[in-house]
Amino acid sequence: MQETILIVEDESDVVDLLRYNLHRAGFNVLIANTGAEGLEAARKNRPDVIVLDIMLPGMNGYNVCNALKKDPETESIPVLMLTAKSEPHERVKGLELGADDYVTKPFSPRELVLRVQALVRRLKASVKSDLTDIDCFTIDKSAFEIRMSGERLELTTTEFKLLTLLIERRGRVQSRETLLFDVWGYQNAIDTRTVDTHIRRLREKLGPNADRLETIRGEGYRFNALS
C-alpha cells in the first residue's frame, strides 16, 4: 500500500518539483495550495506525512501546524515544514509548534525525499502492544501514549518516541547524534538543535519530573531513574 504525502504549497514550481520526486520515490501525493485547503485535506485524507510551506496565502504554515497538532484527528501526522527563512529562531518556531522536521529553501529534492522517508519509517515502525511501567511512567507503545502518575501526557509522535527511548535507556547518556539516528531516522547529524528543542518541550510537559531529563555537557542527554 502506497503511503500518502500531502503537500501544502502555493508555488507551482515547488509543487511540481515535490510531486515529481515523491512520485518517483513511490508515494501517493495530494496537493493543497492554501492553509485552509491543507487543513481540510489533512482531516479528510489522513496522510502519512504533511509537507507544509510556511509562507502561504491567508493562513500561514505556523497557524496550520498549530491547528493540526491541536486536533486529535491529525495531531499524530508528522509535519515537515518548508521555509525560505534561514534564521534559527524561525526554524525553531515551527518545531515548538509541533513540527517534526524542516527543510530550508532552496532544498535538495533527494534530501527532502529522504527526510520524508525517515518520517514514514518512524511512524510505521512496529511497536509492542504491551504496557511498560517504569517508575511513575506507563508507556503504551500500541497507543503511542505515556502516562505520568496516571495522567496522560499530551505528546506529539516525535516527543513520544524521544521520551520512550530515553526512559527505556535510563541511566545511560544518549548523544544528540544517537537520538537523531534512533528517533528521527537520520543517517547523519544534520542539525542537533532539533534534539535540544524537543528536549526543552518535553521538560515543560514533565513538570515536577522535568529534572529527570539531565543535560550532560558536551555529551548529550540522560534520563535518570528514581533512586
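Note that residues are indexed from 1 along each chain, following the sequence as it is written. Totals for whole chains, interfaces and linings use every residue, but because this is a predicted model, local features are given only for residues with pLDDT of at least 70 and side-chain atom pairs only at 80 or more, for both listing and counting. Each side-chain value is derived from all of the structure's non-hydrogen atoms; neither hydrogens nor water enter the calculation.

Undergrad: Any chance you could break down the sheet that holds strand E11 (residues 213–216) for me, citing the residues and the numbers?
TA: For two strands to be treated as a pair, DSSP must find at least two bridges joining them. Each helix corresponds to a stretch of at least 4 residues labelled H or I by DSSP, and each strand to a stretch of at least 2 residues labelled E; elements are numbered beginning at the N terminus. Here we have three strands laid out as an open sheet, ordered E10-E12-E11, and antiparallel in their pairing. Strands at the two margins of the open sheet, each flanked by one partner only, are strand E10 (174–175) and E11. Relative to strand E12 (residues 220–223), E11 is paired through four bridges, and the arrangement is antiparallel. By the bridge assignment for E12, Glu-214 is matched with Arg-222. Pairs of residues are marked as contacts when any of their non-hydrogen atoms sit within 4.5 Å. Every axis corresponds to a line fitted to the C-alpha atoms, with the helix fit spanning only the stretch in contact, and the corresponding angles, defined between N-to-C directions, vary from 0 to 180 degrees. Of the strands in this sheet, E10, E11 and E12 are in contact with helix H6 (residues 157–168), which crosses E12 at around 70°.

Undergrad: Tell me about helix H1 (residues 12–24), and name the residues and values.
TA: Helices are assigned an expected span. That span is 1.5 Å times one less than the residue count. Between its terminal C-alpha atoms H1 stretches 18 Å, which fits the 18 Å expected from 13 residues at 1.5 Å a residue. Only protein chains enter the accessibility calculation, which uses a 1.4 Å probe; a residue is then buried when its area is under 20% of its type maximum, exposed when over 50%, and partly exposed in between. The complete set of buried residues in H1 reads Val-14, Val-15, Leu-18, Asn-21 and Leu-22. What you see down the axis of H1 is that its buried residues fit within an arc of 150°, all on one side. The exposed set on the far side of H1, more than 90 degrees from its buried face, consists of Ser-12, Asp-13, Tyr-20 and Arg-24. Note on H1: the residue one or two positions beyond its end, Gly-26, has a positive phi of about 100°. The directions considered for the arc run from the helix axis to the C-beta atoms.

Undergrad: Please provide a residue-by-residue account of the sheet that holds strand E4 (residues 79–83), values included.
TA: Spatial strand order, E2-E1-E3-E4-E5: five strands in an open sheet with parallel pairing. Both outer strands of the open sheet, strand E2 (28–32) and strand E5 (101–104), are each paired with one neighbouring strand and no more. On average, each strand axis in the sheet is inclined to that of its neighbour by 20°, with strand direction left out of account. In this sheet, strand E3 (residues 49–53) lies alongside strand E1 (residues 4–8) in parallel orientation, the contact comprising four bridges. Pairing of Ile-7 across the sheet is with Val-51, part of E3. H1 rests against E1, E2, E3 and E4 of the sheet, and its axis sits at about 165° to E2. In the packing of helix H2 (residues 35–45) onto the sheet, contacts are made with E1, E2 and E3, and the angle to E1 comes to roughly 165°.

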